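# Commentary on secondary and tertiary structure
Now for the letters of each chain:
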2 protein chains.
Amino acid sequence: MTKLKDIAARLGLSPATVSRALNGFPEVNEQTRQRVQAVARAMNYRPNQIAQKLVSGRSGMIGMILRSPVDVATDPSFFEVMAGLSSRLADYDMDLVFHASNAEDEVAPYRRLVAKATLDGFILNAPTVEDQRIQFLTAAGVPFVVHGRAGLGVPDYPFFDIDNAALARQSVALLHDLGHRRIAFLNGPANYAYAAQRLSGFQSALAARGLVTPTRFIRHDRLAEDYGQRAAATMLTDTAAPTAFLCASTLIAAGVLRAARKAGLSVPGDLSVIAHDDAIPQFRAVNFEPALTVTRAPIRDACGPLTDKMVRLLDGAQSSDLQTMVTADLIVRQSTGPVPVGQQGGWNETSVVAD
Amino acid sequence: MTKLKDIAARLGLSPATVSRALNGFPEVNEQTRQRVQAVARAMNYRPNQIAQKLVSGRSGMIGMILRSPVDVATDPSFFEVMAGLSSRLADYDMDLVFHASNAEDEVAPYRRLVAKATLDGFILNAPTVEDQRIQFLTAAGVPFVVHGRAGLGVPDYPFFDIDNAALARQSVALLHDLGHRRIAFLNGPANYAYAAQRLSGFQSALAARGLVTPTRFIRHDRLAEDYGQRAAATMLTDTAAPTAFLCASTLIAAGVLRAARKAGLSVPGDLSVIAHDDAIPQFRAVNFEPALTVTRAPIRDACGPLTDKMVRLLDGAQSSDLQTMVTADLIVRQSTGPVPVGQQGGWNETSVVAD
DNA sequence: TTGTAGGCGTTATCAT
DNA sequence: ATGATAACGCCTACAA
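Residue numbers run consecutively from 1 along every chain, following the written order of its sequence. All chains are assigned letters beginning with A, and all ligands numbers beginning with 1, in the order in which they are written. The model is predicted, so local features are restricted to residues of pLDDT at least 70 and side-chain atom pairs to those at 80 or more, both for listing and for counting; the totals for chains, interfaces and linings are taken over all residues. With hydrogens and water set aside, each side-chain value is computed from the structure's full complement of heavy atoms.

If you check an unreviewed UniProt entry, chain A appears there as Transcriptional regulator from Neogemmobacter tilapiae.

This is the structure:
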């Protein structure tokens, strides 16, 4: 490994000057800089990151912790995000350190790693409504950026999130405009913040239109095809069955479509289906039969912003300047249509009580 | 952050003594050691890993690179292994650094990271028959351990692998003993070493029994349910259809079972199915209908050995002492049974030629 | 048994 | 514009 000293010796300079030349300090003679750069390239010089880290106090390592088996089953996007983050971080010569924990206590691994003090910060995924990790890291004063956000409002830490409430409202608006009055909601697990946010948006959009959805038509579960199929199959046997399904993911929608098929219902003729689409390559909503109407917000779009926020946070930026919320696109395809004739009636408060 | 110097000052000792006391050097006074440890704990001392790394020349970081999108689609076990490795490495206070690459050139990310010289070594997954990464790292003299192995023989680098050839032989033996003479093989992608190894074992086991399987009944493709279903559906329409399927994964077997169901065939009455099972929690072969006969080798069992090998390799152990091959367990369940009467005939050379 | 001093490779401060 | 020197925190000869 060639080091600064080697280059310096070769050129009859001091290591300090070589360092300055390589790091673009303005005071070095332009000609000197050229020579230094040439030799550095020739000798295939790479700065020793460990040494840089020792002096800078930074490790250049960002941690991401998988809550297994929770995340594996619940968050198929986790690795897509990890992959994107690692690429982006590489642009800053930073590394993504991966840890997995199957501990009961989801904070435990953070506690351990914070104690080691070897990471510059953390990126958190899939926050829950009252996320313990966020509380711990905040208290510990450790930099972190959240993909998503806990609670319903704007928190006081850096985050990148989609507007989950708005997304549910958009979906309800579309279905309502098509005449649907009985809209079921197959949401994600209730403990996740995004699910709470979507539920909030769903409820408020219904309320704004004088609609109501009985609790038996609002479910919370993992984003899986099974869940969609079973829940829909059950609901479709109801005497006042939903005419439309809002699904938390395309996987769930796939299950609903299957249930509809088995029940002999055509989509969108008898039933409308809309889902939120994270645009994960494996499940392409366009290729569904029929092509799925979705609110779309590619999860990989979060990687760049999350990385930038982390870098700026480490550079001392204010949390309040590192908060982004984007809105999902509404993409109308073939799985949504006008409410079937004779099904224009809504659920009423009574049916809620009767529930 | 409290450092050695702080502890030393507090005790009126030198940093050197404190370091020795903490690192278990035999020469320090036991009483001194006690005091040092007590104070260290009291002050919540953690050694600065960066500093340790600078002096030791080791970074304590092991790299693992995802070939996306290849691995995501092709190797569902990748993340299970990553999770296991990170836990094991943590026992050695080492970290797993994750990178993703969608580059054409699978060696490119290794080239980049090797140049940065910030990782101690790499763990490679899913080697291909002539793996470029292995060739590069070998030439570069960078430590690495392979989960699997390239080629058919015993290579000259550290690895942990299951005996893929034996596994295929075991399966053929079981089926043959049950009277099956027409065994189809739904293998993994041909470029992967494990697929080549299993094919080799499959062929040799057939040959040893005077059997032959026409090439149209040997397929190579990704470990997906679709593949299993389509391939089986096609093969089952053949005038001399297979009476048994050997599948490279339980996912493929799931597809075969579905195809059998659609074709009105009962398993194991009309058709036997055996698969190799990596024992990934998501797909539990026991829960199949019928419960699946498998060769079983939990992929997570590789994590401990891979980590140990890496650590020992970095400590200077010989490659030849770091090679492990384990055999899979044969677990006979409900998906295999005697060949149906009237189907005891095998394929012959003629049908191969006719193929 | 403990202390001193030098070094790991880089950056930053202060001279020159 | 460049050089010497110290510092980052730890480890390890070597000295005492």
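Alright, that's what it looks like, and here's the rest.
### A closer look at the sheet that holds strand β8 (residues 244-247) of chain B
All names here are of chain B. Between any two strands, pairing holds if DSSP finds at least two bridges. The numbering of helices and of strands both runs from the N terminus, where a helix is a DSSP run of H or I of at least 4 residues and a strand a run of E of at least 2. Strand order across the open sheet formed by six strands is β7-β6-β8-β9-β10-β12, with mixed pairing between neighbours. The outermost strands of the open sheet, each flanked by one partner alone, are β7 (218-220) and β12 (329-331). Across this sheet, the average inter-strand angle for adjacent strands is 15 degrees, counted without regard to direction. The angle between two axes is taken between their N-to-C directions and runs from 0 to 180 degrees, where each axis is a line fitted to C-alpha atoms and a helix contributes only its stretch in contact.

### Some points on the nonpolar core
Throughout, nonpolar core names a set of buried Ala, Val, Leu, Ile, Met, Phe, Trp, Tyr and Cys residues whose side chains join them through atoms within 4.5 Å. Summary of the burial criterion: residues with accessible area below 20% of their type's maximum are buried, those above 50% are exposed, and those between are partly exposed, where the area comes from a 1.4 Å probe applied to protein chains only. Counting residues in hydrophobic clusters, the biggest one holds 54 residues, and the most contacted among them are F98 of chain A together with F98 of chain B. Elements supplying a minimum of two residues to this core: β1 (61-67), α6 (78-91), β2 (95-101) and α13 (303-314) of chain A together with β1 (61-67), α6 (78-91), β2 (95-101) and α13 (303-314) of chain B. Setting aside anything within four residues of it in sequence, one finds F98 of chain A in contact with M64, L66, F78, F79 and M82 of chain A together with M82, A83, S86, L96 and F98 of chain B. Every residue pair with non-hydrogen atoms within 4.5 Å of one another is taken to be in contact.

### A few points about the layout of surface pockets
Residue and element names in this part refer to chain A. The volume enclosed by the second largest pocket comes to roughly 1,200 Å³. Here a cavity denotes a set of grid points, spaced 1 Å apart and computed over the protein atoms alone, in which a 1.4 Å probe fits but from which it cannot get out, and a pocket denotes an open set meeting protein on both sides within 12 Å along at least five of seven lines; residues with an atom within 4 Å of a point are reported as lining. For the second largest pocket, the lining is made up of 45 residues, of which R46, P47, N48, Q49 and Q52 are closest to its centre. Split by residue class, the lining of the second largest pocket holds 18 nonpolar, 13 polar and 14 charged. Grid points are joined across faces, edges and corners, and a volume is the space filled by probe spheres set on the points. Asp, Glu, Lys and Arg are counted as charged, while Ala, Val, Leu, Ile, Met, Phe, Trp, Tyr, Cys and Pro are counted as nonpolar; the rest, among them Gly, fall into the polar class.

### Side note on the protein's contact with DNA strand C
Any residue with a heavy atom lying within 4 Å of a molecule or strand is counted as near it. Near DNA strand C you find 26 residues, and of these L4 and Y45 of chain A together with T17, R20 and T32 of chain B are the closest. Those atoms of DNA strand C that come within 4 Å of the protein belong to sugar or phosphate at a rate of 70%. With respect to DNA strand C, the side chain of N23 of chain A contributes an N or O atom lying 3.3 Å from a phosphate oxygen. At 2.6 Å, a side-chain N or O of Y45 of chain A approaches a phosphate oxygen of DNA strand C. Of all the secondary structure elements, the ones that give two or more residues to the surface near DNA strand C are α2 (15-22) and α4 (49-56) of chain A together with α2 (15-22) and α4 (49-56) of chain B. Two N or O atoms form a polar contact when they lie within 3.5 Å of each other; inside protein one atom must be a possible hydrogen donor and the other a possible acceptor, and for residues adjacent in sequence the pair counts only when both atoms belong to side chains.

### Brief notes about the protein's contact with DNA strand D
In the neighbourhood of DNA strand D, 25 residues make up the surrounding shell, with T17, R20 and T32 of chain A together with K3 and Y45 of chain B lying closest. In DNA strand D, the atoms that sit within 4 Å of the protein are 71% sugar and phosphate, with bases accounting for the remainder. In this structure, a phosphate oxygen belonging to DNA strand D sits 2.7 Å away from a side-chain N or O atom of T17 of chain A. Between DNA strand D and the protein, one listed contact pairs a phosphate oxygen with a side-chain N or O atom of Q52 of chain B at 2.9 Å. Those elements giving two or more residues to the surface near DNA strand D turn out to be α2 and α4 of chain A together with α2 and α4 of chain B. Among the residues making up the surface near DNA strand D, the classes are represented as twelve nonpolar, nine polar and four charged.

### Examining the packing of aromatic side chains
Between rings of Phe, Tyr and Trp, where Trp is taken as its six-membered ring, a pair exists when centres lie within 6.5 Å; planes separated by under 30 degrees are stacked, by over 60 edge-to-face, and by other angles tilted. Inspection of every chain in the model, using the stated rule, returns 13 aromatic pairs over all chains. A centroid spacing of 4.4 Å and a plane angle of 10 degrees characterise the contact between F217 of chain A and W347 of chain A, whose relative ring orientation is stacked. Of this pair, F217 of chain A sits in the loop between α10 (193-208) and β7 (218-220) while W347 of chain A sits in the loop between β12 (329-331) and α14 (349-354), and the two are 130 residues apart along the sequence. Neither residue differs from the other here; F217 of chain A and W347 of chain A are each classed as buried. Among the aromatic side chains, those forming a connected cluster through ring pairs are F78 and F79 of chain A together with F78 and F79 of chain B. Comment: the charge-over-ring label is applied if NZ (Lys) or CZ (Arg) is within 6 Å of the ring centre and within 35 degrees of the ring normal. A cation over a ring is seen here: R111 of chain A above F136 of chain A, with NZ or CZ 5.5 Å from the ring centre.

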